[in-house]
Amino acid sequence: MSLRCGIVGLPNVGKSTLFNALSQAGAESANYPFCTIDPNVGVVSVPDARLKRLALLAKSADAVPATIEFVDIAGLVAGASKGEGLGNQFLAHIRETDAIIHVVRCFEDENVVHVAGKVAPDNDIDVINTELLLKDIETLERRIDRLGRQAKSGDKRTREELAFCERVLQSVSDNMLPARQIDTAPEEADWMRELSLLTAKPVLYAANVSEADLAEGNEYVETVRRRASAEGAGVVVVSAELEAQLTELDEDERRLFLADVGVTSSGLDRLVQAAYELLGLITYFTAGPKEARAWTIKSGTLAPQAAAVIHTDFERGFIRAETIAFADYETHGSEAAAREAGVMRSEGKQYEVKDGDVLLFRFNV
């Protein structure tokens, strides 16, 4: 599975600069609103030092990382849910993502205009969240209207779904509560998924600071952290401008540059790690002479379903998974040595794949 994250925020908060740095896709970036109209998509390799090491040990000809898609969605403004600033078009793009990376401006720069005239993270977050909530209210009202007509036939399940949607609408409209914070019973999960509500998506706030504030943050960052904590969202502090500079350096130069500003990893590394944690994702590996490869799955995935990420035939004909923990593979230096040492296990259909497992699937179709 490839994770798809939509990058949202007000105009001129650094979204496109960050996107360009992360994906090096060359999206247009300019000091005026709506320079991004169609969403730009960048497919980025997921950083994982274990993959390179595994490829070396397995003598693989190639190392194929997992990927993450970043979608640069145009700056939203107040009134977006009613079409202001082409808002309906932009909100539709958000619906197609797995998670939202909400870029919040946490830097002062008189040369970069702010749509509201001043830097105020709380207000900026409120504008975006309100527009997402208003769009969800519109979605719920349409759904309730349709279910109300269908419920007249007396179908019990339809009436139950109608009652669920009315409860969600009350929470979203009266309490301005994002859908992701609404408690749902297991039997209601399908209904919630079918609604495709914007505020049901996990949110990761990217506090965009100047290079000087990257290591320690600032008062604006603390505001974002308070908001995120209240909402159960994640926070990563990034400097879009610094990330842009990193793209022009080689690996050794990047390491020295980051050390000079007081951090040990790039914004991409931290964003990807935080996104994986937010969505409960883990990585497993396969390795052979042709390639070593990283695969992304949900934490808790059983072996046959993990195999299906490679090919559905692997799940359909699943027999067993031969498993080595990455740490054991590295310790013993090869699959053969790990097998000889007794740390390669044979696991069945109920095995829950762990992060870092090196797997060989046996199947028959």
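Anything mentioned here points back to the structure above.
Since the structure is predicted, the reported quantities are computational estimates derived from the model, not experimental observations.

Rules behind the numbers
- Residues numbered from 1 in each chain as written.
- Predicted model: local features only at pLDDT ≥ 70, side-chain atom pairs only at ≥ 80, totals over all residues.
- Heavy atoms only, no water.
- Helix = DSSP H or I, 4+ residues; strand = E, 2+ residues; numbered from the N terminus.
- Rg over C-alpha atoms; globule rule 2.2 N^0.38 Å.
- Buried < 20%, exposed > 50% of the residue type's maximum accessible area, 1.4 Å probe, protein only.
- Contact = heavy atoms within 4.5 Å.
- Areas by Shrake-Rupley, 256 points an atom, 1.4 Å probe, with all protein chains shown as cover.
- Axes fitted to C-alpha atoms, helices over the stretch in contact; angles between N-to-C directions.
- Parallel < 35°, antiparallel > 145°, perpendicular 65-115°, else oblique.
- Nonpolar A, V, L, I, M, F, W, Y, C, P; charged D, E, K, R; others polar.
- Phe/Tyr/Trp six-rings, centres within 6.5 Å; stacked < 30°, edge-to-face > 60°.
- Salt bridge = Lys/Arg side-chain N within 4 Å of Asp/Glu carboxyl O.
- Pairing = 2+ DSSP bridges.
- Core = buried A, V, L, I, M, F, W, Y, C linked by side-chain atoms within 4.5 Å.
- Expected span 1.5 Å × (residues − 1).
- Arc of directions from axis to C-beta.
- Left-handed = near helix turned anticlockwise from the far one by under 90°.
- Patch = residues over 30% accessible without salt bridge, like charges linked within 9 Å, V, L, I, M, F, W, Y side chains within 5 Å.
- Lys, Arg positive; Asp, Glu negative; His and termini not counted.
- Charge placed at Lys NZ, Arg CZ, Asp CG, Glu CD.

## Quick notes on the overall build of the protein chain
(1) Moving on: Across its full length, the protein chain holds 14 helices and 12 strands.
(2) Moving on: Computed over its C-alpha atoms, the radius of gyration of the protein chain comes to 23 Å, within 12% of the 21 Å expected for a compact globule of 365 residues.
(3) Moving on: In terms of overall dimensions, the protein chain has a C-alpha envelope of 65 × 65 × 30 Å along the principal axes.
(4) Moving on: A total of 365 residues make up the protein chain; the buried ones form 50% of that total.
(5) Moving on: Of the contacts made within the protein chain by residues no fewer than 6 positions apart, 71% connect residues no fewer than 24 positions apart.
(6) Moving on: If you sum the accessible surface of the protein chain, you get close to 17300 Å²; carbon and sulfur atoms cover 48% of it.

## Here we look at the packing of helix H4 (residues 121–151) against helix H7 (residues 219–231)
(1) Moving on: In the contact formed by H4 and H7, the axes pass within 9 Å of each other and the chain directions differ by 40°. Considering their axes alone, H4 and H7 lie oblique with respect to each other. Of H7, the residues touching H4 (which contributes Pro121, Asp122, Ile125, Asp126 and Asn129) are Tyr220, Thr223, Val224, Arg227 and Glu231.
(2) Moving on: The class makeup of the residues in the contact of H4 with H7 is four nonpolar, two polar and four charged.

## Details of the packing of aromatic side chains
(1) Moving on: Under the definition given, this model contains six aromatic pairs.
(2) Moving on: Between Tyr284 and Phe361 the ring centres are 5.9 Å apart and the planes differ by 85°, which places this aromatic pair in the edge-to-face class. Residue Tyr284 is found in strand E8 (residues 281–287), and its partner Phe361 is found in strand E12 (residues 357–363); the two are separated by 77 residues along the sequence. Of the two residues examined, Tyr284 and Phe361, each falls in the buried class.
(3) Moving on: Put simply, the rings of Tyr284, Phe314, Phe318, Phe361 and Phe363 touch in pairs and so form one group of aromatic residues.

## Some details on the pattern of salt bridges
(1) Moving on: Scanning the entire structure with this criterion turns up 26 salt bridges.
(2) Moving on: In this structure, the salt-bridge partner of Arg193 is Asp190, at a minimum N-O distance of 2.0 Å. One end of the pair, Arg193, and the other, Asp190, are both in helix H6 (residues 189–195), three residues apart, so they sit about a helical turn from each other.
(3) Moving on: One connected set of salt bridges, linked through shared partners, spans Asp122, Asp126, Arg180, Arg227 and Glu231.

## So, the environment of Phe318
(1) Moving on: Mapping Phe318 onto the fold places it in strand E10 (residues 318–325).
(2) Moving on: Remark: the alpha-carbon pair of Phe318 and Ala308, spanning 10 residues in sequence, is separated by 9.3 Å.
(3) Moving on: With sequence-adjacent residues up to four places away left out, Phe318 is seen in contact with Ala303, Pro304, Glu347, Gly348, Lys349, Phe361, Arg362 and Phe363.

## Comments concerning the sheet that holds strand E6 (residues 203–208)
(1) Moving on: Ordered in space as E2-E4-E1-E5-E6-E7, the six strands form an open sheet in which the pairing is mixed. The sheet is open, and its two edges are formed by strand E2 (40–45) and strand E7 (234–238), each paired on a single side. When the angles between neighbouring strand axes are averaged without regard to direction, this sheet yields 25°.
(2) Moving on: Relative to E6, strand E5 (residues 99–105) runs parallel, the two sharing six bridges. By the bridge assignment, Arg105 is partnered in E6 with Asn208.

## Some thoughts on the pairing of E7
(1) Moving on: Most of E7 sits inside the fold, with four of its five residues counted as buried.
(2) Moving on: As defined by bridge partners, E6 adjoins E7 across five bridges and the pair is classed as parallel. Directly across from Tyr205, in E7, lies its bridge partner Val235.

## Focus on the nonpolar core
(1) Moving on: Counting 73 residues, the largest nonpolar core has Phe70 and Leu271 as its most contacted members.
(2) Moving on: Per-element accounting of this core gives the leading share, seven residues, to helix H10 (residues 267–279).
(3) Moving on: Apart from residues lying up to four places away in sequence, Leu271 is in contact with Leu18, Leu22, Ile101, Leu204, Ala206, Val236 and Val238.

## Brief notes about H7
(1) Moving on: Look at H7: 19 Å from first C-alpha to last across 13 residues, which is about the 18 Å you get at 1.5 Å a residue.
(2) Moving on: All of the buried residues along H7 are Tyr220, Val221, Thr223, Val224, Arg227, Ala228 and Glu231. Projected onto a plane normal to the axis of H7, the buried residues spread over an arc of 155° and lie on a single side. Of the exposed residues in H7, the ones pointing more than 90 degrees away from its buried face are Glu219, Arg226, Ser229 and Ala230.
(3) Moving on: For H7, the secondary structure elements touched by its buried residues are E5, H4, E6 and E7.
(4) Moving on: Gly232 lies just past H7 and shows a positive phi near 70°.

## Thoughts on the packing of H4 against helix H5 (residues 156–174)
(1) Moving on: Where H4 meets H5, the closest approach of the two axes is 9 Å, and the angle between their N-to-C directions is 155°. It follows from the interaxial angle that H4 and H5 lie roughly antiparallel. The two elements H4 and H5 meet at a crossing, and its hand is left-handed. Across the interface between the two elements, Leu133, Asp136, Ile137, Leu140, Glu141, Arg143, Ile144, Leu147, Gly148, Gln150 and Ala151 of H4 pack against Thr158, Arg159, Glu161, Leu162, Cys165, Glu166, Val168, Leu169, Val172 and Ser173 of H5.
(2) Moving on: Looking at the contact of H4 with H5, its residues break down into 11 nonpolar, four polar and six charged.

## Thoughts on a negative patch on the surface
(1) Moving on: Judged by side-chain charge, Glu108, Asp109, Glu110, Glu219 and Glu241 come together as a negatively charged surface patch.
(2) Moving on: For Glu108, the position within the fold is in the loop between E5 and H4.

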